[in-house]
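Here are the chains, one letter per residue:
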Amino acid sequence: MCRRGEVQAARAAEAMGVPFCLSTNSICSIEEVARATRRPCWFQLYMMRDRDVVIDMLRRAWDSGCRTLVFTVDLAVPGIRRRDIRHNIFGRNTPTKLFNYARHPRWLLDVGMRGGPHTFGNLAPYVATARDLASFGSWPGGSSMGASLGGT
């Protein structure tokens, strides 16, 4: 996890001459990645209940130069993300989490302070609280995607 990580990964892939695939659930939007690179990326689409959102995301990907779609169908039953549970990624700040932040001041400054906006860039136009993982669990457009992001 680093500042604007998907942009950095897309630039690295471009430098190596390999495709980069951007997830629906990325922090950086497809538009941000497209502005930062010369070669268009692939777009990984998670199917959602709200077809208008899906159509709009596909339009945004197309308008950003994306011509390769990776269609993800593995979220019918979300998997248990033990690593995320172990690291309390979806929970509130705990003393352990705060201690870990304090142990990494450079990362906290670089990613936490300078790395914003901290939203799910591709989903921000559709979910008013795109900064809050729990909000995706009750988002009516997300179907099982919300559960994969830590919702219910």
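Residues numbered from 1 in each chain as written. Predicted model: local features only at pLDDT ≥ 70, side-chain atom pairs only at ≥ 80, totals over all residues. Heavy atoms only, no water.

Next up on the list: the environment of Ala61. If you trace the backbone, Ala61 turns up in helix α3 (residues 51–63). Judged by its relative accessible area of 4%, Ala61 falls in the buried class. In sequence terms Ala61 and Leu22 are 39 residues apart; their C-alpha atoms lie 9.9 Å from each other. (Helix = DSSP H or I, 4+ residues; strand = E, 2+ residues; numbered from the N terminus. Buried < 20%, exposed > 50% of the residue type's maximum accessible area, 1.4 Å probe, protein only.)

Within a sheet, neighbouring strands are paired by backbone hydrogen bonds and run either parallel or antiparallel to one another. As summarised here, the arrangement of the 3 strands in space is β1-β2-β3, forming an open sheet in which the pairing is parallel. The open sheet has two edge strands, β1 (21–23) and β3 (69–72), and neither has a second partner. Neighbouring strand axes in the sheet, compared pairwise and without regard to direction, differ in orientation by 25° on average. Pairing geometry for β1 and strand β2 (residues 42–46), over 3 bridges, is parallel. Of the residues in β2, the one forming a bridge with Leu22 is Phe43. (Pairing = 2+ DSSP bridges. Axes fitted to C-alpha atoms, helices over the stretch in contact; angles between N-to-C directions.)

Let us now look at the pattern of salt bridges. Where charged atoms from two side chains of opposite charge come close, those side chains can pair. With the rule as written, the count across this model stands at 4 salt bridges. The salt bridge involving Arg59 is made with Asp56; its shortest N-O contact spans 2.7 Å. With Arg59 and Asp56 both in helix α3 and 3 residues apart, this pair spans about one turn of that helix. By sharing partners, the salt bridges in this structure join Asp56, Arg59 and Asp63 into a single network. (Salt bridge = Lys/Arg side-chain N within 4 Å of Asp/Glu carboxyl O.)

Tracing the chain through its elements places Glu6 in helix α1 (residues 5–16). Sequence-distant contacts of Glu6, defined by excluding residues within four places in its chain, comprise Phe20, Leu22, Ser26, Ile27, Cys28 and Val33. (Contact = heavy atoms within 4.5 Å.)

On average, the protein scores 76 in pLDDT, and the residues at 70 or more come to 64%. Element-level mean pLDDT values for the protein span from 43 in helix α8 (residues 144–148) up to 94 in helix α2 (residues 30–36). (pLDDT = per-residue confidence, 0-100.)

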